[in-house]
Amino acid sequence: MNSFINNLAIYTKGEEKNLPVIFVHGFPFDHTMWDAQTAALYKNYYCITYDIRGLGKSAAGDGQYTIETFVDDLNSIIDHFKLKKPVLCGLSMGGYISLRAIERMQEKFRALILCDTKSVSDSDETKLKRAKAIQRINEGQFEGFINEFVANCFYEEFISEKRKEFETILNRSKKNNPIGVKGCLLAMAARTDTSSTLNKISIPCLIVCGSEDKISPPDVMMAIADKIKSSEFVLAEGAGHMTPIEKPKIVTEAIRSFLKRI
Ligand code: MLT
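Criteria and cut-off values
Residues numbered from 1 in each chain as written. Predicted model: local features only at pLDDT ≥ 70, side-chain atom pairs only at ≥ 80, totals over all residues. Heavy atoms only, no water. Helix = DSSP H or I, 4+ residues; strand = E, 2+ residues; numbered from the N terminus. Buried < 20%, exposed > 50% of the residue type's maximum accessible area, 1.4 Å probe, protein only. Contact = heavy atoms within 4.5 Å. Polar contact = N/O pair within 3.5 Å; in protein donor to acceptor, adjacent residues only side chain to side chain. Expected span 1.5 Å × (residues − 1). Arc of directions from axis to C-beta. Near = heavy atom within 4 Å. Areas by Shrake-Rupley, 256 points an atom, 1.4 Å probe, with all protein chains shown as cover. 1 Å grid on protein atoms, 1.4 Å probe; cavity = no way out; pocket = protein on both sides within 12 Å on 5 of 7 lines; lining within 4 Å. Sits in = over half its atoms within 2 Å of the grid points. Nonpolar A, V, L, I, M, F, W, Y, C, P; charged D, E, K, R; others polar. Axes fitted to C-alpha atoms, helices over the stretch in contact; angles between N-to-C directions. Parallel < 35°, antiparallel > 145°, perpendicular 65-115°, else oblique. Left-handed = near helix turned anticlockwise from the far one by under 90°.

Our focus in this paragraph is the environment of Ser211. In this structure, Ser211 sits in the loop between β7 (205-210) and α9 (218-227). Accessibility expressed as a relative area gives 17% for Ser211, which makes it buried. When the C-alpha atoms of Ser211 and Ile113 are compared, they prove to be 17 Å apart, with 98 residues separating the residues in sequence. In this structure, Ser211 is in contact with Pro218, Leu235, Ala236, Glu237, Gly238 and Ala239, ignoring residues within four places of it in sequence. A polar contact is formed between the side chain of Ser211 and the backbone nitrogen of Gly238, at a distance of 2.8 Å.

With 14 residues, helix α11 (residues 248-261) extends 20 Å from end C-alpha to end C-alpha; this agrees with the ideal 20 Å at 1.5 Å per step. Looking at α11, one finds that the buried residues are Val251, Thr252, Ala254, Ile255, Phe258 and Leu259. Buried residues in α11, looked at end-on, bunch into an arc of 160°, giving them a common side. Exposed residues pointing more than 90 degrees away from the buried face of α11 are listed as Lys249 and Lys260.

Right, let's get into the site of the ligand. Taken together, Gly26, Phe27, Ser92, Met93, Tyr96, Arg130, Phe149, Met188, Ile215, His241 and Met242 form the complete shell of residues around the ligand. Ser92 places a side-chain nitrogen or oxygen 3.0 Å from an oxygen atom of the ligand. Notes on the ligand: free accessible area 270 Å², of which the protein chains cover 97%. Comparing atom positions with the cavity grids shows the ligand to sit within the largest pocket. Its residues placed into classes, the shell around the ligand shows seven nonpolar, three polar and one charged.

This part is about the packing of helix α4 (residues 124-138) against helix α8 (residues 178-189). Relative to each other, α4 and α8 sit at 165°, their axes nearing to 9 Å. By the angle between their axes, α4 is roughly antiparallel relative to α8. Like other packed secondary-structure pairs, α4 and α8 cross with a definite hand, here left-handed. On α8, the residues touching Lys127, Arg130, Ala133, Ile134, Ile137 and Asn138 of α4 are Pro178, Val181, Lys182, Leu185, Leu186, Met188 and Ala189. Taken together, the residues that form the contact of α4 with α8 break down as nine nonpolar, one polar and three charged.

Note that all results are geometric; they support no functional claim without further evidence.
Shown next as structure tokens:
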């Protein structure tokens, strides 16, 4: 970790003079989700990753968060590092945070990258699944919940072919504080729907989706791309919901090519 600001673990790579890119990870993971991308991009871009409040090495506190809290955290990072027009890149829950940040303060960003995410808020069915997950964790089944949730995020092929890598990620997720995990579940369940403002996004936008993503499938993400005038869509063939990890080269090259053109 490079710094611990406002109880958030923040990691920077590259030179401050370069265009900043802030990467926001998904749930229930941490900043290491973007390791392949920051390793490939840091020579030309100022890469900033961080652990979302409640996850990784960021403090869980009382577990009372909302997506607004997470957007405030993102804003505090931009202010702390005095970042001028960073590119914002979010995956899944990181995408929920990014879409709300753009809704609140689009003028602060140079461009947007959305990976495997959705603009719609949770359906009642999904809210009930989140409630069930919290109940399971309260009943001492934290590991069981993480096992099932994390496995569902990956395409089966990745799990069988890259078993060791998968287990490292799974074990890292199990190290999260259950208070933080429950806080994130509640924040996601309570999030607003950002669909009606997608057509107001005017900054360049790259949309990346795994062909085998069960959580935010290609048709859902293509519909987002259709609504954002300035967007382009990249399908990561053979990836599930965790595209930057499952198909790091495709995702890194899509980001690199996009960043060169904005
Ligand atoms: C994520 O990857 O951040 C989660 O799958 C998002 C969600 O549960 O809605």
